[in-house]
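# Analysis of the macromolecular model
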Amino acid sequence: MTLQFASEASTWSCRAIVAQLDRHIIGQDKAKRAVAIALRNRWRRLRLPAAAAAEIVPNNIIMIGPTGVGKTEIARRLSQLAGLPFLKVEATKFTEKGYVGRDVDSMIRDLVEVGIALLRRRKEDELRADLEAAVEEKLIDLLFPPLAAGGEPEREQRWQRSREKIRQQIRERVLEESTVTITTSSQRVPLANIFTAAGEEMDASFADGLGSLFPKKTRESVMTVAQARKVLSDQELDRRLDQEQLAQQALELVEQGGIVFIDEIDKIASTGRGGHGPDVSREGVQRDLLPVVEGATVTTKHGPVRTDHILFIAAGAFHMSKPSDLIPELQGRFPIRVELDHLAEEHYLRILREPDSSLLKQYQALLAADGVTVGFTDAAVDRLAGIAMELNRRLENIGARRLQTIMAQLLDDLLFDAPENAGGPVTIDGDYVERRLAGLVRDEDLSRYIL
Ligand SMILES: Nc1ncnc2c1ncn2[C@@H]1O[C@H](COP(=O)(O)OP(=O)(O)OP(=O)(O)O)[C@@H](O)[C@H]1O
Ligand SMILES: [Mg+2]
């Protein structure tokens with residue numbers, strides 16, 4: 001069996017996956033290992049004969065760790081690099097008021113939509129040159145309407161020359177602000193007005209079924225050439241796609257390679273003391289989740305999806321509860337437990353500096369847009385990490401999120417004053433950090449509110 005629609009990334013070795021995650025997340029090696037193995041196991045399973053592959057269930061993972069240490073971030077980066085349909089849901093979403101059991105299935109339906117969008121984008125990449133050429137032709141026709149047949153040859157030649165001139169201008173993007181009129185079609189079901197008798201919002205797949213009752217509307221829209229490029233390209237892509245086939249491929253990709261990340265799973269663990277109130281509803285959500293995680297068939301508008309081989313990664317802080325407070329059946333379906341570590345000063349230091357788009361790099365880029373060059377000395381970064389550590393110890397430990405409040409406070413004046421005060425380059429050293437933040441850090445009340 002092969003997963004022919006997956007991207008190259010789905011063939012990476014564990015080491016390669018971890019190396020990619022290392023570019024964004026500092027430390028947390030155990031969690032990185034666990035997700036890398038889970039991802040690689042999908043690939044391994046697909047090498048096996050179908051009968052053996054069917055027997056192998058994914059080793060779903062629970063990531064346990066304090067707030068702000070990278071649980072969600074690992075999932076987010078994994079989704080970017082995996083090239084597989086990936087959906088993130090908050091478990092608490094299903095405990096909200098008005099929730100009815102069937103909604104848990106909606107995550108699989110959403111995952112299919114993610115899969116379709118993913119394959120569509122991949123197709124778009126494949127056809128890029130072809131699409132661009134088609135869009136160019138379309139734009140020329142719009143800007144310079146075709147000549148009626150049967151004209152004199154001389155006129156036709158002139159027309160041909162002008163047309164080539166327009167083509168050149170379109171390529172050089174000098175006509176981006178000219179306007180064109182484009183026919184778009186949209187099909188809108190007046191969803192807002194459709195509620196079931198109980199007053200709940202209607203199931204999306206049912207609403208889709210109603211689509212055919214409402215006529216397709218076409219309308220003329222005036223837009224600039226720049227905007228029209230995107231619209232025309234989408235239309236050309238639609239014309240070249242076999243929607244039915246795309247959906248079938250997406251269903252297979254989801255069944256064999258889909259990943260669902262369930263965040264805040266600790267919030268649906270019951271604290272064990274009794275069968276009242278919120279505990280009942282939390283346990284209810286767990287029971288609803290069970291069939292989907294264990295393997296069930298979920299009906300989507302594109303067809304049925306078996307969930308047996310979808311990988312589930314759950315995460316939670318588990319401050320108030322433990323994984324063992326989950327109902328046993330659900331625990332059994334998440335055999336891999338990984339703990340994420342508390343961050344230490346050395347981690348804060350590296351988080352500020354090392355990731356591909358670390359906070360320091362982000363702010364440097366933002367200020368560079370205003371012509372301000374900012375540099376940070378080692379002493380400044382040391383001091384910032386120290387302050388993060390100290391505040392997390394004294395106030396509440398919010399992990400790496402503390403760095404965001406500190407940085408915003410540190411650079412407040414610079415961010416406000418640029419571009420008017422865009423003098424020479426600015427160097428932020430230990431003294432600068434001290435001047436800007438020391439007062440705040442010392443004053444307990446102030447820091448509680450501001451940092
Ligand atoms: N180990 C890390 N390396 C790099 N950045 C990190 C790390 N941990 C946290 N961050 C940064 O801190 C922010 C919060 O992290 P994240 O959302 O992953 O927290 P979390 O562990 O999911 O916490 P919570 O339990 O509150 O959901 C993110 O913006 C992330 O970039
Ligand atoms: Mg999180």
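Residues numbered from 1 in each chain as written. Chains lettered and ligands numbered in written order. Predicted model: local features only at pLDDT ≥ 70, side-chain atom pairs only at ≥ 80, totals over all residues.

## Some thoughts on the overall build of the chain
The secondary structure content of the chain amounts to 19 helices and 11 strands. Here the chain holds 451 residues, and the buried ones make up 28% of them. If you take every contact in the chain between residues at least 6 apart in sequence, the share linking residues at least 24 apart comes to 81%. (Helix = DSSP H or I, 4+ residues; strand = E, 2+ residues; numbered from the N terminus. Buried ≥ 20, exposed ≤ 12 C-beta atoms within 10 Å, placed from the backbone. Contact = placed C-beta atoms within 7 Å.)

## Quick look at the sheet that holds strand S2 (residues 86-90)
Pairing is parallel in the open sheet, where 5 strands are placed in the order S2-S5-S8-S1-S9. In this open sheet, the two strands that pair with only one neighbour each are S2 and strand S9 (336-339). Each adjacent strand pair in this sheet contributes to an overall mean axis angle of 20°, direction not counted. The sheet contact formed by S2 and strand S5 (residues 259-263) spans 5 bridges and is parallel. (Pairing = 2+ DSSP bridges. Axes fitted to C-alpha atoms, helices over the stretch in contact; angles between N-to-C directions.)

## A look at the packing of helix H15 (residues 378-394) against helix H16 (residues 401-410)
The interhelical angle for the contact between H15 and H16, taken along N-to-C directions, is 120°, at an axis separation of 10 Å. The angle between the axes of H15 and H16 places the two elements in the oblique class. As H15 packs across H16, the resulting crossing turns out to be right-handed. For the pair formed by H15 and H16, the contact residues are Leu384, Ile387, Ala388, Leu391 and Asn392 on the first element and Arg402, Leu403 and Ile406 on the second. A class-by-class count of the residues in the contact of H15 with H16 yields 6 nonpolar, 1 polar and 1 charged. (Parallel < 35°, antiparallel > 145°, perpendicular 65-115°, else oblique. Left-handed = near helix turned anticlockwise from the far one by under 90°. Nonpolar A, V, L, I, M, F, W, Y, C, P; charged D, E, K, R; others polar.)

## With respect to the site of ligand 1
Taken together, 18 residues lie near ligand 1, and Thr67, Gly70, Thr72, Glu73 and Ala400 sit nearest. Considering every element that reaches the shell around ligand 1, the biggest residue donor is helix H4 (residues 71-82), with 3 residues. For the shell around ligand 1, the class distribution of residues is 7 nonpolar, 8 polar and 3 charged. Inspection of the shell around ligand 1 shows a minimum of three residues originating in each of domain 1 (9-118 + 249-339) and domain 3 (345-440). (Near = placed C-beta within 6 Å. Domains from an automatic or database assignment.)

## Focus on the confidence of the model for the chain
When pLDDT is low, close inspection of the predicted coordinates is not appropriate. With 88% of its residues at a pLDDT of 70 or more, the chain has an overall mean of 86. When pLDDT is averaged over each helix and strand of the chain, the minimum, 52, is found for helix H8 (residues 204-210) and the maximum, 96, for strand S7 (residues 303-306). (pLDDT = per-residue confidence, 0-100.)

## Some details on the environment of Gly375
With respect to the helices and strands, Gly375 occurs in strand S10 (residues 374-376). Along the sequence, Gly375 and Lys361 sit 14 residues apart, while their C-alpha atoms lie 9.8 Å from each other. Residues in contact with Gly375, not counting those within four places in the same chain, are Pro425, Thr427 and Ile428.

## A word on the nonpolar core
Counting residues in each nonpolar core, the largest one holds 77 residues, and the members touching the most others are Val35, Val260 and Ile313. Here the element with the most residues in this core is helix H5 (residues 106-126); it accounts for 7 residues. Looking at which domains feed residues into this core, each of domain 1 (9-118 + 249-339) and domain 3 (345-440) supplies at least three. Once you skip the residues sitting within four places of it in the chain, Val35 turns out to touch Ile61, Ile74, Leu78 and Ile313. Counting 7 residues, the second-largest nonpolar core is a separate cluster that includes Leu131, Val135, Leu139 and Ile170. (Core = buried A, V, L, I, M, F, W, Y, C linked by C-beta atoms within 7 Å.)

## A short note on the packing of helix H1 (residues 14-22) against helix H2 (residues 29-47)
Axis separation between H1 and H2 bottoms out at 9 Å; the angle between their running directions is 135°. In this view, H1 runs oblique relative to H2, as classed from their interaxial angle. Seen along the crossing, H1 lies across H2 with a hand that is right-handed. Here H1 contributes Cys14, Ile17, Val18 and Leu21 to the contact with H2, which in turn contributes Lys32, Arg33, Ala36, Ile37, Leu39 and Arg40.

## Some words on unusual backbone geometry
Look at the link from Ala418 to Pro419: it is a cis peptide, with omega at 10°. Its place among the elements puts Pro419 in the loop between helix H17 (412-417) and strand S11 (426-428). For Glu264, which is not glycine, the phi dihedral falls at a positive 60°. Positionally, Glu264 belongs in the loop between S5 and helix H11 (277-294). Given 18 C-beta atoms within 10 Å, Glu264 falls into the partly exposed group. In this structure, Phe318 is a non-glycine residue whose phi angle is positive, near 50°. Position of Phe318 among the secondary structure elements: in the loop between strand S8 (311-316) and helix H12 (328-332). Phe318 gets classed as buried once you count the C-beta atoms within 10 Å, which come to 21.

## Observations regarding the environment of Val292
Mapped onto the elements, Val292 comes out in helix H11. Taking the C-alpha atoms as reference, Val292 lies 9.5 Å from Met107; in sequence the two are 185 residues apart. Those residues in contact with Val292, other than ones at most four positions away along the chain, are Val104, Asp105, Ile108, Val298 and Thr307.

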